[in-house]
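Overview (structure and organization)
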Amino acid sequence: MPHGRKSAHSEAFKTPDQIASEDSNAAGSPLLNTSPEQESSINPSKPKKDRKIKLWPPNKLGWIIIAVIVILIAAFCIWFFTRSTKPTSKPITAVRLSPQSH
């Protein structure tokens, strides 16, 4: 390739600085340049809420659910470890061996 000619690839290449300067000079997309007033006009039906869900400390219903779960787990453990797993024993019978004659 001669040095005097430019390829299509080199013409399309732009450095990050060139792209950033073009983006700052451009009008910009409405999704990137929204103000809080514009956001509320985009979704007027959704009030702005703090999306963090409060999980701890639990309320009264939460404590009741936790207590029921703990009681059920404890009851299952007590049942599991105290159930009778002893094998039934058979009566032992004496086995008499007859003397072998040689």
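Throughout what follows, the structure given in this document is the object of discussion. (Residues numbered from 1 in each chain as written. Predicted model: local features only at pLDDT ≥ 70, side-chain atom pairs only at ≥ 80, totals over all residues. Heavy atoms only, no water.)

1. Some words on the overall build of the chain
Note the threshold: Helix and strand assignments come from DSSP, with helices taken as H or I runs of at least 4 residues and strands as E runs of at least 2, each series counted from the N terminus. Working definition of accessibility: Shrake-Rupley area with a 1.4 Å probe, residue cover restricted to the visible protein chains.
Along its length, the chain carries 4 helices and 0 strands. N-terminal to C-terminal, the α/β element order of the chain is α-α-α-α. Summed over its atoms, the accessible surface of the chain is roughly 11000 Å², and 63% of this surface lies on carbon and sulfur atoms.

2. Quick notes on the pattern of salt bridges
So the rule is basically this: By definition here, a salt bridge exists when the distance from a side-chain nitrogen of Lys or Arg to a carboxyl oxygen of Asp or Glu is within 4 Å. The buried label goes to any residue with under 20% of its type's maximum accessible area, the exposed label to any with over 50%, and the partly exposed label to all in between, with areas taken from a 1.4 Å probe on protein chains only.
Enumeration according to the criterion identifies 1 salt bridge in this entry. Salt-bridge contacts for lysine 14 lead to glutamate 22; the nearest nitrogen and oxygen are separated by 3.3 Å. Overall, lysine 14 belongs to the partly exposed group, its relative accessible area being 38%. By relative accessible area, glutamate 22 is classed as partly exposed at 40%.

3. Notes on the packing of aromatic side chains
Condition: Each Phe, Tyr or Trp ring (for Trp, its six-membered ring) is paired with any other whose centre lies within 6.5 Å, and the angle between the two planes then decides the class: stacked below 30 degrees, edge-to-face above 60, tilted in between. For a ring to carry a charge above it, either NZ of a lysine or CZ of an arginine must fall within 6 Å of the ring centroid while also lying within 35 degrees of the normal to the ring plane.
Counted according to the given criterion, the structure contains 4 aromatic pairs. One aromatic cluster in this structure is built from Phe76, Trp79, Phe80 and Phe81. The ring of tryptophan 79 is capped by arginine 83, whose NZ or CZ atom sits 5.5 Å from the centre of that ring.

4. A closer look at a nonpolar patch on the surface
Applied cut-off: Patch membership needs two things, relative accessible area over 30% and no salt bridge, and members are linked within 9 Å if like-charged or within 5 Å if nonpolar (Val, Leu, Ile, Met, Phe, Trp, Tyr).
Together, Leu61, Ile64, Ile65, Val68, Ile69, Leu72 and Ile73 give the surface a local cluster of nonpolar side chains, amounting to about 670 Å² of exposed area. Here valine 68 shows up in helix 4 (residues 60-82).

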